[in-house]
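# Commentary on secondary and tertiary structure
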Amino acid sequence: MKQAYRRWVCGLLTVLIALLAVCGAIVYVVDPCLYYRLPDKWQPVFFNERYQMAGLAKNVEADTVLVGTSMAANYRASWIEETFGTSAVRLTIPDGYYSEFDQLMNVLFRAQDPERVIFGMDVSILIRDESGLTGAMPEYLYNSTPLDDIQYLLNKDTLYYSVYTLLANRWGQGDTLDEGFTWDRTTWWNHMEALENYQRPAVAEEQLPADAYAEHVAANVQVVEGWLQAHPETEFDLFLPPYSILFWDRVIREGRADAVFAAIRQAVERLLPYENVKIYGYLMDEEIVTNLDNYCDNIHHSGDVCRQVLAMLRADEGRLTEENLEETLANWHEFVIHYDYDKFWDQDYWIQWNTEHSADQ
C-alpha cells in the first residue's frame, strides 16, 4: 500500500515538474517581455511598459535613448534616429516615479553605454514623493540576480502573454518597435478635446508656500545626479515637456504657482553644474503650449509636437543655463500669472478663432 502511494506521489510530482518545464520552455521561447532577446520569427506584442521596458533596455542597442512618462510615448525611435543620425530606442514608464526610472536606467547601463540619454523631466513627477508607488515594477526583471528569472519563466501571467503573443501574430496583430506603446493614432488632437478632458478646479483660498515641494524635488533630483555621476561619458539631455497652458490654469487656480516655479528652479540649479548635462525648458515654449490644438487634455501633446521638440533639441534651442535661468523663469511666471485663461470658456472667443482659422486655411 505504501509503495503504491509512493508511486502515485512520485508520478504526480513527475507530471507537475514536466508541466512546469513545458510552461517555462514556452515562456523562454516566446519571451513575451522581450527579456532575453528580440523576436525574429514574429512581431512583439506590447502589453505593459513596466514588464517590457527592461527587455527593451537590454536588447535594443542604441546610441540615443529617450526615456520618459506617457509624455514620451509618442516619440518614434525612427524620428530620433532621423533627427540625431544615430540608432535609438524609446523607453517609457507611464506615470513613472523616479525610483522606477532608476531601475530602468540600471538595466540600460548594465547592458550598454549609450552616447546620449534624453529624459523627459515632467514637472508633475518632479514635485511628488514616492508615497504613491505601487510596486508595479517586477523586481525580478530589473535586478541582476539570475535565479530570479524563475519568477519570469514559471509565471501564469507570462505564460498567458506567451500564448497571446503567438495568437496575436497569427491574427496579424503584432506591432513594431517603432509603434509599440504609442497611442496618438487613435486620439483627437483639438482644443475641444483638450477642454473636454480638463476639469477646471475651483480657486484655492490659500497659496502653497514656495518650498512646498522642496523635499520631494531634492530626493528626485538626487536620483538624476546618480546617473550623471555614474556615467560621466554619457550626455544627458533633460527637458521639461511642454504641458499645455491649461496646466498653468490648474496650477494658478490651485495656488501652486510659486511652489511649482521654485521646484523648477531648484532642480535646474542643482543639475546645471554637471558637465555632462543640458537642460531645456520646453514647458515654457509659448508657441506650442498656448495652441490647444496640440493637445488632447491639459498635459499630453501630439506627435507633431514630439517632432518639434526633437528638432529643437538637435538645434540646442530652449536651453536653460546659469545665465538665463532667472530671467526665463521670471518672464514665464509673469506670462502665466497674467494670461487670460477665461477666454477658453468664452464662446465668442472660439467663434472668432474659427473665423481666423478658416481664413488661414
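Now for a look at the structure at hand. (Residues numbered from 1 in each chain as written. Predicted model: local features only at pLDDT ≥ 70, side-chain atom pairs only at ≥ 80, totals over all residues. Heavy atoms only, no water.)

### With respect to the overall build of the chain
The helix and strand inventory of the chain stands at 16 helices and 6 strands. Structurally, the chain occupies a C-alpha span of about 90 × 45 × 45 Å along its principal axes. Counting over 361 residues, the chain shows a buried share of 48%. For the chain, the proportion of contacts with a sequence separation of at least 24, taken over those separated by at least 6, is 83%. With the model as given, the accessible surface of the chain reaches about 17,900 Å², and the carbon-plus-sulfur share is 51%. When the 26 positive and 57 negative side-chain charges of the chain are each reduced to one mean point, those points stand 13 Å apart. (Helix = DSSP H or I, 4+ residues; strand = E, 2+ residues; numbered from the N terminus. Buried < 20%, exposed > 50% of the residue type's maximum accessible area, 1.4 Å probe, protein only. Contact = heavy atoms within 4.5 Å. Areas by Shrake-Rupley, 256 points an atom, 1.4 Å probe, with all protein chains shown as cover. Lys, Arg positive; Asp, Glu negative; His and termini not counted. Charge placed at Lys NZ, Arg CZ, Asp CG, Glu CD.)

### Some words on the pairing of strand S5 (residues 277-280)
Bridge count for strand S4 (residues 235-239) against S5 is 4 bridges, and the pairing is parallel. Residue pairing for S5: Phe236 is matched across the bridge by Val277. For S5 and strand S6 (residues 319-320), the ladder comprises 2 bridges, and the chain directions are antiparallel. Residue pairing in the sheet places Ile279 in a bridge with Leu320 of S6. (Pairing = 2+ DSSP bridges.)

### Re helix H4 (residues 98-111)
With 14 residues, H4 extends 20 Å between its outermost C-alpha atoms, agreeing within 8% with the 20 Å of an ideal straight helix rising 1.5 Å per residue. Among the residues of H4, Tyr98, Glu100, Phe101, Gln103, Leu104, Met105, Val107, Leu108 and Phe109 are the ones counted as buried. (Expected span 1.5 Å × (residues − 1).)

### Let's talk about the pattern of salt bridges
Under the criterion given, the structure shown has 17 salt bridges. Here Arg116 ties to Glu235 by a salt bridge, and the two come within 3.7 Å at their closest N and O atoms. One end of the pair, Arg116, is in strand S3 (residues 116-120); the other, Glu235, is in strand S4, with 119 residues separating them in the sequence. For Glu235, a relative accessible area of 25% translates into the label partly exposed. A salt bridge links Asp175 to Arg185; the nearest nitrogen and oxygen atoms lie 3.9 Å apart. In this pair, Asp175 sits in the loop between helix H8 (156-170) and helix H9 (191-196) while Arg185 sits in the loop between H8 and H9, placing the two residues 10 residues apart along the sequence. (Salt bridge = Lys/Arg side-chain N within 4 Å of Asp/Glu carboxyl O.)

### Regarding the packing of helix H12 (residues 257-271) against helix H15 (residues 325-338)
It is at 11 Å that the axes of H12 and H15 come closest, and there the two elements cross at 160 degrees. Relative to H15, H12 is oriented roughly antiparallel. Note on packing geometry: the crossing formed by H12 with H15 is right-handed. Residues Ala257, Asp258, Phe261, Ile264, Arg265, Val268 and Glu269 of H12 form the contact with H15, whose participating residues are Leu325, Glu326, Leu329, Trp332, His333, Val336 and Ile337. (Axes fitted to C-alpha atoms, helices over the stretch in contact; angles between N-to-C directions. Parallel < 35°, antiparallel > 145°, perpendicular 65-115°, else oblique. Left-handed = near helix turned anticlockwise from the far one by under 90°.)

### Looking at the sheet that holds S6
The strand order across the open sheet built from 6 strands is S2-S1-S3-S4-S5-S6, with neighbouring strands paired in mixed fashion. Sheet topology places strand S2 (88-92) and S6 at the edges, where each strand pairs with a single neighbour. Strands strand S1 (64-68), S2 and S3 of the sheet are contacted by helix H3 (residues 77-84), whose axis makes an angle of about 135 degrees with S2.

### Some thoughts on helix H11 (residues 245-253)
Of all 9 residues in H11, 7 are buried, a share of seventy percent or more. Those residues of H11 that fall on the buried side of the exposure criterion are Ile245, Leu246, Phe247, Trp248, Asp249, Val251 and Arg253. The inward-facing, buried residues of H11 abut helix H5 (123-126), H9, H12, helix H13 (286-289) and H15. Just past H11, the residue Gly255 takes up positive phi, approximately 70 degrees.

### Topic: the packing of aromatic side chains
Between two aromatic rings, the relevant description is the distance of the centres plus the angle of the planes. Under the counting rule described, the total for this entry stands at 30 aromatic pairs. Considering the side-chain rings of Phe335 and Tyr339, the 5.3 Å spacing of their centres and the 55 degrees angle between planes classify their relative orientation as tilted. Residue classification places Tyr339 among the buried positions, given a relative accessible area of 14%. Centroid distance Phe344 to Trp345: 6.3 Å. Interplanar angle 70 degrees. Geometry classified as edge-to-face. Classification of Phe344 by relative accessible area gives buried; the value is 3%. These aromatic residues form a ring-pair network of at least three members: Tyr198, Trp332, Phe335, Tyr339, Tyr341, Phe344, Trp345, Tyr349, Trp350 and Trp353. (Phe/Tyr/Trp six-rings, centres within 6.5 Å; stacked < 30°, edge-to-face > 60°.)

### Some remarks on the state of the cysteines
Within this structure, the stated rule accounts for 0 disulfides. Not engaged in a disulfide, the cysteine Cys33 finds its nearest cysteine sulfur in Cys23; these two sulfurs lie 15 Å apart. (Disulfide = S-S within 2.5 Å.)

### Things to note about the side chain of Asp149
Its place among the elements puts Asp149 in helix H7 (residues 149-153). Despite being buried, Asp149 has no salt bridge partner; Lys58 is the closest side chain of opposite charge, sitting 6.4 Å away.

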